[in-house]
Amino acid sequence: MTQQDINIFLALVEKRNLSKAASALYMSQSTLSHRLNMLEKELNATLFTRQKGHRTLELTPFGHDFIHIAERWTALWAETQELHTMHGSRSFYVGSVPSLIQYLFPELLQKIFQKNSGQIRLMIKSMQSAALYPALENRELDLGFSVLPSVYSNVINKPLLTEENVVVLSSSSPTAPGTFGEPVRPGDLNAEKELLFQYSQTYIHWRNQWFGYFSSPAIGMGDGPLVEQVYQTPNDLWCVVPMSLALFLQSSCNVSLHRLTSPPPPRTCYMLTHRIPRTGYESCLQLFEESLYEYLRQKEAAGHLQLLI
């Protein structure tokens, strides 16, 4: 079994068609079919079935279970190739939810790049929380930052920090950077004027307590840049967001920030690592963590977050 065999299998999983998979891999269909037959003989199992008269391939139970092994094989192959460049900088893969990359970590990543560019080649991936855990499990990432907890056997999940949630209002008299206006009582907010940014269970539970289960927001958009676009022009919407996004909006839009008299629970960020780091990459992880903690302690001193480690 070779990496090419694994590539053929994964291409078939994606395309579910011999001709399309062969085209994607730039090989003839007959060659692909032969390699697939050889792989199935080596595994002593059928990976795909095809009903008569249908071109679409269907995974067998064995084939479905083999996907996870094939993905791990591919990750290990990539790690093996990295051994050829171990004497130089190493690619260190970091995945994070978009809002952390965009609004909390930009300065951190720049500092790490400037300080350790000869030792670490940062490869940043923007991913949703649900995708981060299997990516760590399969060694597609070395480090991850999620805003939702989950349980995977080979992933260490540590609460890293919490961010206070504050309310953002469009204003002709915006608050100065890092300052806040008068506290706002949630009951004084009109649910029909909400720009809904957060969809976590804890936030929705808080929202239901104050506005009822059947209240609807004016608009929902769980994407920071879209929220920023909305606040580029005056409006009468309000939005509850984590502190890092609120401070960014304060610096780029005419808004005022307000603490809530009864806020939703703070947003928790989790740091994810594999139980067994890639061979030779322990030093990269240590360098990243040292810069991370130094940066976050500065943010904590400014009152922007609370460290949990």
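Structure report, in brief. (Residues numbered from 1 in each chain as written. Predicted model: local features only at pLDDT ≥ 70, side-chain atom pairs only at ≥ 80, totals over all residues. Heavy atoms only, no water.)

## Brief notes about helix α3 (residues 29–43)
Between its terminal C-alpha atoms α3 stretches 21 Å, which fits the 21 Å expected from 15 residues at 1.5 Å a residue. Within α3 the residues assigned to the buried category are L32, L36, L39 and E40. Buried residues of α3 fall within an arc of 95° about the axis and therefore sit on the same side. What points out from α3, more than 90 degrees from its buried face, is the exposed set S30 and K41. Elements that come into contact with the buried residues of α3 comprise α1 (3–15), α2 (18–24) and β1 (48–49). A positive backbone phi angle near 60° is found at N44, which sits one or two residues after α3. (Helix = DSSP H or I, 4+ residues; strand = E, 2+ residues; numbered from the N terminus. Expected span 1.5 Å × (residues − 1). Buried < 20%, exposed > 50% of the residue type's maximum accessible area, 1.4 Å probe, protein only. Arc of directions from axis to C-beta. Contact = heavy atoms within 4.5 Å.)

## Remarks on helix α10 (residues 243–252)
In terms of residue burial, α10 counts as a mostly covered element, since 7 of its 10 residues are buried. All buried positions along α10 are accounted for by M243, S244, L245, A246, L247, L249 and Q250.

## Notes on the environment of R35
Structurally, R35 can be placed in helix α3. Exposure remark for R35: the relative accessible area of 21% places this residue in the partly exposed category. Once the C-alpha coordinates of R35 and D5 are considered, the two residues, 30 residues apart in sequence, prove to be 6.6 Å apart. Contacts of R35, omitting those with residues within four sequence positions, involve T2, Q4, D5 and I8.

## Concerning the sheet that holds strand β11 (residues 255–258)
The strand order across the open sheet built from 3 strands is β10-β7-β11, with neighbouring strands paired in antiparallel fashion. With one partner strand each, in any of the chains shown, β10 (238–242) and β11 form the two edges of the open sheet. Mean inter-strand twist for the sheet, computed between neighbouring axes without regard to direction, equals 30°. Pairing analysis gives 4 bridges linking strand β7 (residues 165–170) to β11, with the strands arranged antiparallel. Within the sheet, the bridge partner assigned to S170 lies in β11 and is V255. (Pairing = 2+ DSSP bridges. Axes fitted to C-alpha atoms, helices over the stretch in contact; angles between N-to-C directions.)

Bear in mind that shape data such as this cannot, by itself, settle questions of function.
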